[in-house]
Amino acid sequence: MDNKNKASGNVEVTQNALESALTTTVSGNSNKTSHRNIKRLLFIALPVLLLIAGVTAYWFFTLRDTKTTPVVQPQTSNTGKVAPRFNAINAYLSYQNAEWYATPGAVIRIKNGDSPVYYTQGNGVPAGSPTALIAHNNKLWLSTQEGVATLKADGSGFETVETGAMVENAQLFHDEFANKLYMSTSKAFYKYDDSTKTWKAHHEDNTIPLDAQEGASIPVNASDFQANKDFIAAARRYSSKVWVYNKADSEWTLSDIGQNLMYIFKIDDQLFAMGQNNAYKSCADESNVTATLFYKLDKSGAWQPVTGLSSDKTRPRLDLAHHLKDPAVVLLGSLCDSNETVQYKASFKNDTLELKKNGILSEDLEYYDDGEQQKLINEIAKATGLSPFIRVMAADKDSNLIFSYAKTTNYSGFTGIEGLAIAKGSDFTQATEFKIANYKPYDALVPVICDGTLTYIFVGSYGSGHAGYRDGTWTKTQLLKLDASKTEQFIDLQNDVGEPRFACSKGKINWVGKDTVKQLDVASKAITAVNRNSAPVDAIQTQSVWALDNGDLWILIPNGTANASIPENTNTDLYYFVSATRSLNKVGTYPSVGLLGGDRNHVWLAESYPDRSYKVFQGVVIYDRAGKKTSKDMAFLRLGINLNGDGIIAKAGSTTDAYLGLPFSVIRSPLSGSDEPISKERVPIRKLHLGIDAEDIVYNNSGVFDAQHNTMWFNDDNLGSFAVDL
């Protein structure tokens, strides 16, 4: 029993005793006895009443607040609505006895003894890739490409910090020596005023225009910052411009070192700049031209060349390792005649900058990474139980989600897949990974579900092409059969595969081959071609296929040359294949660019794809098997189909600023009738990032319906996978 219940229990017992005593007193016949009883009663009742009043007041002013003020927490379990991408770590901070990681898909908090916490856009994290995590004046600050936010006092999420101007490519920087917070954007440079809680243009008189450009005397659109007790140095990577702020006279100066600046770093309170020599063109110059030049900031605020290192022609071009947790300065040099990388540790001794060779890195590492990124990623994966990248691909009859994953560091918009697994429901930490022999990253991995159960896995290697359109040229097309977590080869499909989508039912597996639909008899392993009822269909390149649970297929194929690509081709043939009768029926020829979902009676198509850079589809068109058309005019990003045949659509809110992500809303769109908006509170993401390969239309832009939890899962290569609660 808690204190509140104890207090109420005491009140009840005391009131019963008081009523009993009063009854005895009133019914007594002797006045003397009555007065004696009244005195006794008052003697007993008065301290009891005082006790009651004290307990009541204590509850009212103290316990009541703790019991009736719940704190809404962000997602603390991956059984929720998001599996964030974290195979790239942009920023790290140790804060409030916890480890904080800013990743493309979420800000992740890891603390011993607590469940991991994921903060996404739905919890106030600004859209865009994170750029900095900073602790300043007992607050956690976060900057991303689209804004600045601070952690709420109760830890329930982030709240946007008003800057008074458009924030794009925001980069926070903390001068720990002066305890000052700065922000560089694509348009201006600001200093945070801790007393007024506002951002101001750095000069006190605010004379610096907000649209300052390349020649401005303040660091606009800067990417690198370093500070010591006397100066702040800032630079824009791949530019020769370096800004220096002299704390003694509160003035910025802009220098041009005349080289292609790469990085600024600090050793023992000394500031250094390094850049690629403009005379260095390629590996052919390596033995003749110094690849990397170094400069040191002197006491006057001028950059002086580091003569020894700036004349060394024996080293390859150097990059600064992107260290977040380890403060060591590590430089990496890629050897021209191999994939190996030389690692150097930098130190400052006897007033001299020294580079000590620290070994050869033979691993295939990401750009400016010497392995620390993978170490951090492994830390998060161990603490969360998640794979660093998850793409939901299908759901079985028990709503167990089947997903592909990657576990290695990757900064690119397209992430190579390393394996396939099946979750326990939507809990990705409770998952079985399938062992696939001779699998290579970037191979196609496609689940094949038969009678509601994941039964086979298709593994394919492309002879040409990467993540975009399939051209039908394969060097490997194997169908593997599952046995618990192991796989064994079931049949080689002899490279006769177009779009790798497979429909399975009643002992048959159907897919689109190079020139028509192919059907595999599971018992005999015999493959037969389906006769075509119409003009020949060239299925070699650029089709969209939607597989149904009864073995049927919806097929969209360009009507024209085999080399046509969907965004430019507005003339497509729509087919429906009936597995039971082995009939391939042409529904019609329509101006459509992509097939994003369907059921046994209807198919959802995209009418146009007006601008590939924005990767936004324009127009939703629904056809039935007789060719009857229903149109819904909208720009959309993702589309999934639920069990009722309704479209669940991520509708684009605009078609600009695609680089940073597009705002969107989610609607339930029935075959007939008006659309129903889905509350944004049920969508953990506010903007979709469009680094995804939209040409891979079906896999990346179609949703996966989880019937048991009534959610629709969508994928985004930059953010990870997330679910909309329907």
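Coordinates for the structure precede this section.
In what follows, the accompanying structure is described. Just so we're clear, the structure is a prediction, and the values are computed from it rather than from any experiment.

### Quick look at the pattern of salt bridges
Here is step 1 of the chain: Tallying each qualifying case throughout the model produces 20 salt bridges.
Here is step 2 of the chain: Notably, a salt bridge pairs K247 with D175, separated by 2.8 Å at the nearest N-O pair. With K247 in the loop between β16 (241-246) and β17 (251-256) and D175 in strand β10 (residues 171-175), the pair connects residues that are 72 residues apart, well separated along the chain.
Here is step 3 of the chain: What makes D175 buried here is its relative accessible area of 1%.
Here is step 4 of the chain: K476 is the salt-bridge partner of D443, the closest N and O atoms lying 3.3 Å from each other. A residue pair is termed long-range when its members are at least 10 positions apart, and D443 in the loop between β29 (427-433) and β30 (444-450) and K476 in strand β32 (residues 474-483) qualify at 33 residues. For the pair formed by D443 and K476, the shared burial category is buried.
Here is step 5 of the chain: Linked by salt bridges that have partners in common, E99, K325 and E379 make up one network.

### A word on the pairing of strand β3 (residues 98-102)
Here is step 1 of the chain: Of all 5 residues in β3, 4 are buried, a share of seventy percent or more.
Here is step 2 of the chain: Between strand β2 (residues 91-95) and β3, which pair antiparallel one after the other, the connecting turn spans 2 residues, and Q96 there sits at a positive phi close to 50°.
Here is step 3 of the chain: With 4 bridges connecting them, β3 and strand β4 (residues 107-110) associate as antiparallel partners. Opposite Y101, over in β4, you have I108 as the bridge partner.
Here is step 4 of the chain: Hairpin remark: β3 followed by β4, antiparallel, with 4 residues in the connecting loop.

### Some details on the environment of S721
Here is step 1 of the chain: In this structure, S721 sits in strand β52 (residues 720-725).
Here is step 2 of the chain: Given a relative accessible area of 0%, S721 falls into the buried group.
Here is step 3 of the chain: Linking S721 and R391, residues 330 residues apart in sequence, is a C-alpha distance of 5.8 Å.
Here is step 4 of the chain: Sequence-distant contacts of S721, that is, excluding residues within four places in its chain, are made with K81, V82, A83, I390, R391, V392, W713, F714 and N715.

### Looking at the state of the cysteines
Covalent bonding between the sulfur atoms of two cysteines is what defines a disulfide.
Here is step 1 of the chain: Inspection of every chain in the model, using the stated rule, returns 2 disulfides.
Here is step 2 of the chain: Paired by a disulfide, C283 and C336 hold their sulfur atoms 2.0 Å apart. For the disulfide bridge between C283 and C336, the dihedral angle about the S-S bond is near -85°, and by the sign convention the bridge is left-handed. Of the two residues, C283 is situated in the loop between β19 (270-276) and β20 (292-297) and C336 in the loop between β23 (330-334) and β24 (341-349); the sequence distance between them amounts to 53 residues.
Here is step 3 of the chain: Across the disulfide, C450 is cross-linked to C504 (sulfur-sulfur distance 1.9 Å). Since a negative S-S torsion denotes a left-handed disulfide, the C450-C504 link at about 105° is right-handed. You can see C450 sitting in strand β30 and its partner C504 sitting in strand β34 (residues 503-505), a full 54 residues away along the chain.
Here is step 4 of the chain: A relative accessible area of 9% means that C450 is categorised as buried.

About the criteria used
Residues numbered from 1 in each chain as written. Predicted model: local features only at pLDDT ≥ 70, side-chain atom pairs only at ≥ 80, totals over all residues. Heavy atoms only, no water. Salt bridge = Lys/Arg side-chain N within 4 Å of Asp/Glu carboxyl O. Helix = DSSP H or I, 4+ residues; strand = E, 2+ residues; numbered from the N terminus. Buried < 20%, exposed > 50% of the residue type's maximum accessible area, 1.4 Å probe, protein only. Pairing = 2+ DSSP bridges. Contact = heavy atoms within 4.5 Å. Disulfide = S-S within 2.5 Å.

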